[in-house]
Amino acid sequence: MKREEIYTKKKKQKNRRIIKRLFIIILLAALLVGVALSPLFYINSIEVYGNKHYNSIEVINASNVVYGANWFRELVKTSDIKGLFTFRSTKSEESILDRCSYVKDVAVRMFYPGRVKITITEREPAAVVPYINTSLVIDNEGFVVDAGDEKHWENLPIIEGLDVNGYSLGKMISADNIKGIDAFNKIFDVINFTQRKSSGESFTNKLDEYICEVDVSDLDNVLILLDWRVKVNLGAYNQLDEYKIMLLKEIFFNNIDENEKGYLDLTTGENPTFIPE
């Protein structure tokens, strides 16, 4: 057999293999599309987990997931290519994050057959920040989760001295003194650590529950207001330690009368000073 004939025969065999493979791919694609558009993937159940500040209907409405719609057809409509392969609706997740300011993280997934599961993680309100004629509620990362009348969050401590420039719900607060949030967190972290370490009779009274206000205007002299009557100078927030918290606890609960008002300075070393009003 001549070389040209051998070459032609091999080329034909190769072309047949390519055509066969293309046919299989097309057949599989058609089969997948058929299954994807079948009633198996029509949404007949939407479940919401992890929601505290929103009811399930609010979360479902924010997701734009529609009962009776085909999961894959909706992903194609919204150009959610990634979702086609991950069985997650990234567009629905983005919509929830945009419309629900308390939501920190969310996953919207399809589970066979026809079941959509929305799992959210919410931000926990940590403090109230006064801003012009309103009050902003932030979490411990500085994200604004709510805004309105301060009376709605009377149980949360107030942060003064952040120098807020503006805000958007669900976004990081805009402030000149953003390190003040680090100072706020450091105070509560050290107090909670000390209380856990010294759990028992000595910490029957929890100091963190008495903090009404934290003034971070001067990070080298951070002030806290206890029980709306005793202002305490803790000094530099990055030097706050367990010893200072133990000392504060001893003075506040055992040496200051429960109705007494005044100023307590813990920056004077071994001998703190208390100046009554």
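Residues numbered from 1 in each chain as written. Predicted model: local features only at pLDDT ≥ 70, side-chain atom pairs only at ≥ 80, totals over all residues. Heavy atoms only, no water.

Student: Could you clarify how one ought to interpret the packing of helix α2 (residues 56-63) against helix α5 (residues 90-99) in this entry?
Tutor: The description of two packed helices rests on the angle between their axes and on the distance between the axes. Running from N to C, α2 and α5 cross one another at 120°; their axes reach a closest spacing of 7 Å. Relative to α5, the element α2 is oriented oblique. On the side of α2, the interface is formed by Val 59, Asn 61, Ala 62 and Ser 63, while α5 contributes Ser 92, Ser 95, Ile 96 and Arg 99. Along the lines of polarity and charge, the residues of the contact of α2 with α5 split into three nonpolar, four polar and one charged. (Axes fitted to C-alpha atoms, helices over the stretch in contact; angles between N-to-C directions. Helix = DSSP H or I, 4+ residues; strand = E, 2+ residues; numbered from the N terminus. Parallel < 35°, antiparallel > 145°, perpendicular 65-115°, else oblique. Contact = heavy atoms within 4.5 Å. Nonpolar A, V, L, I, M, F, W, Y, C, P; charged D, E, K, R; others polar.)

Student: Looking at this model, I keep getting lost on the pattern of salt bridges. Mind explaining?
Tutor: Pairing of side chains with opposite charge becomes possible as their charged atoms draw close. This model, assessed by the stated rule, comprises eight salt bridges. One salt bridge in this structure joins Glu 124 and Lys 52, with 3.2 Å as the shortest N-O distance. Here the residue Glu 124 occupies a position in the loop between β3 (115-122) and β4 (127-131), and Lys 52 occupies one in the loop between β1 (45-49) and α2, the gap between them amounting to 72 residues. Glu 124 sits in the partly exposed class, given a relative accessible area of 43%. By relative accessible area, which is 63% here, Lys 52 ends up exposed. With a shortest N-O distance of 3.2 Å, Glu 242 and Lys 197 are connected by a salt bridge. With Glu 242 in helix α7 (residues 242-254) and Lys 197 in helix α6 (residues 179-197), this residue pair connects regions lying 45 residues apart in the sequence. What makes Glu 242 partly exposed here is its relative accessible area of 25%. (Salt bridge = Lys/Arg side-chain N within 4 Å of Asp/Glu carboxyl O. Buried < 20%, exposed > 50% of the residue type's maximum accessible area, 1.4 Å probe, protein only.)

Student: In this structure, what is going on with the pairing of strand β11 (residues 222-226)? I would like to understand it.
Tutor: Consecutive residues of a regular strand have side chains that alternate between opposite faces of the sheet. With five of its five residues buried, β11 lies for the most part within the structure. Where burial is concerned, the two faces of β11 agree: the one with Val 222, Ile 224 and Leu 226 and the one with Leu 223 and Leu 225 are both buried. Inspection of the sheet shows strand β10 (residues 211-215) paired to β11 by four bridges, in the antiparallel sense. By the bridge assignment for β11, Ile 211 is matched with Leu 226. Between β10 and β11, which pair antiparallel and follow one another directly, the connecting turn spans six residues. One ladder, built from five bridges, connects β11 with strand β12 (residues 230-235); its direction is antiparallel. Residue pairing across strands places Val 222 opposite Gly 235, the latter belonging to β12. Once β11 ends, the chain turns through three residues before running back antiparallel as β12, passing Asp 227 with a positive phi of about 55°. (Pairing = 2+ DSSP bridges.)

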